[in-house]
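Breakdown of the fold
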Amino acid sequence: MRRTSAALLTAAALALAALLAPSRADAFERQWHAGASIGYAMLADSGTYPGIGGSLHLSYGLTDAFNALLELNTASHPGGDFMFLGASAGAAYVIDILQWVPYVGLMTGAYDGVRLAPCGAYGQPDCHNPQFGISVPFGIDYAFSRDFAAGFAGKYTLLLPGEGEGPGSYLTAFVRAEFLWGY
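The structure contained in this document is the topic of the report that follows.

1. What about the overall build of the chain?
If you tally the helices and strands in the chain, you get one helix and eight strands. Each of the 183 residues in the chain was classed as buried or not, and the buried ones make up 33%. Long-range contacts, defined as pairs at least 24 residues apart, comprise 56% of the intrachain contacts of the chain with a sequence gap of at least 6.

2. Description of the pairing of strand 1 (residues 32-43)
Moving residue by residue along a regular strand, the side chains alternate between the two faces of the sheet. Relative to strand 2 (residues 51-61), strand 1 runs antiparallel, the two being bridged by 10 bridges. Each residue of the ladder has a partner; that of A34, found in strand 2, is L58. The pairing of strand 1 with strand 8 (residues 169-181) spans 12 bridges and is antiparallel. Across the sheet, residue L43 finds its bridge partner in strand 8, namely Y170.

3. Structural notes on the state of the cysteines
Here the structure, examined in full by the defined rule, presents one disulfide. Note that C119 is cross-linked by a disulfide to C127, the S-S spacing being 2.1 Å. Of note, the bridge from C119 to C127 carries an S-S torsion of about 100° and is right-handed in sense.

4. Focus on the packing of aromatic side chains
Under the counting rule described, the total for this entry stands at 11 aromatic pairs. Of the aromatic side chains, those joined through ring pairs into one cluster are W100, Y142, F144, F148 and F179.

5. Thoughts on the pattern of salt bridges
Here the structure, examined in full by the defined rule, presents three salt bridges. D141 is the partner of R176 in a salt bridge, and the nearest nitrogen-oxygen pair spans 2.7 Å. One end of the pair, R176, is in strand 8; the other, D141, is in strand 6 (residues 128-143), with 35 residues separating them in the sequence. Accessibility expressed as a relative area gives 14% for R176, which makes it buried. Overlapping salt bridges, with partners in common, bring together D141, R176 and E178 in one network.

6. A look at the sheet that holds strand 8
Around the barrel, which closes on itself, the eight strands sit in the order 1-2-3-4-5-6-7-8 with antiparallel pairing between neighbours. The mean inter-strand angle of the sheet, taken between neighbouring strand axes irrespective of direction, is 25°. Here strand 7 (residues 148-159) pairs with strand 8 via 11 bridges, running antiparallel. Paired with A149 across the two strands is E178, which belongs to strand 8.

7. Side note on the side chain of Q131
Among the structural elements, Q131 can be located in strand 6. One polar contact links the side chain of Q131 to the main-chain carbonyl oxygen of L160, over a distance of 3.0 Å.

8. Notes on the environment of G113
Here G113 lies in strand 5 (residues 100-115). C-alpha of G113 to C-alpha of C127: the two residues are 14 residues apart in sequence and 8.0 Å apart in space. Ignoring sequence-local partners within four residues, the contact set of G113 consists of F82, M83, F84, C127, H128 and N129.

9. A short note on the nonpolar core
By size, the foremost hydrophobic cluster in this structure holds eight residues: A41, L43, A75, F82, F84, Y111, L159 and Y170. Mapped by element, the contributors of at least two residues to this core are strand 1 and strand 4 (82-94). Ignoring sequence-local partners within four residues, the contact set of F84 consists of L43, N73, T74, A75, Y111, D112, G113, L159, P167 and Y170.

10. Observations concerning the environment of L160
When you line up the elements, L160 lands in the loop between strand 7 and strand 8. Taking the C-alpha atoms as reference points, L160 and P130, separated by 30 residues in sequence, lie 9.7 Å from one another.

Each value, and the rule that gives it
- Residues numbered from 1 in each chain as written.
- Predicted model: local features only at pLDDT ≥ 70, side-chain atom pairs only at ≥ 80, totals over all residues.
- Heavy atoms only, no water.
- Helix = DSSP H or I, 4+ residues; strand = E, 2+ residues; numbered from the N terminus.
- Buried < 20%, exposed > 50% of the residue type's maximum accessible area, 1.4 Å probe, protein only.
- Contact = heavy atoms within 4.5 Å.
- Pairing = 2+ DSSP bridges.
- Disulfide = S-S within 2.5 Å.
- Phe/Tyr/Trp six-rings, centres within 6.5 Å; stacked < 30°, edge-to-face > 60°.
- Salt bridge = Lys/Arg side-chain N within 4 Å of Asp/Glu carboxyl O.
- Axes fitted to C-alpha atoms, helices over the stretch in contact; angles between N-to-C directions.
- Polar contact = N/O pair within 3.5 Å; in protein donor to acceptor, adjacent residues only side chain to side chain.
- Core = buried A, V, L, I, M, F, W, Y, C linked by side-chain atoms within 4.5 Å.

So, in structure tokens, the structure goes:
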């Protein structure tokens, strides 16, 4: 009887240990991500309107915790006859040991506010307003497999004063999907 109780107790302890043991976590270096995003865009400036935007992004795993980022984005603000274009590069801290992958980063880039309404003539604003900006991208992705992920991406950009009148900051909130390879 004692032998049976000891065997049952040992089996229960091993089963409990197997259930509570952490699963294997994989963080990948040299992994590529390429994807696209679409969603809401807002210029933080009076007299401008919210819009819809999109972006293309490419990232590369420098280490298991840091990714290099490259992003091209655009947004249209039809109520204000205004379009916004940008290209930025930077790095992000990524926690990719889980199926949910949160990240936050720092980027810098060039942006252009394009007026679609009458512009460029005497007494009217310039048609283009090039500016530099510093951005904080953030988000969370869900890795459906080792080859595909989807999630939410936000980005706050502080725009440095340009030659003409332009917004002081820019915010986007996008849903995104990406393909992954090279691990």
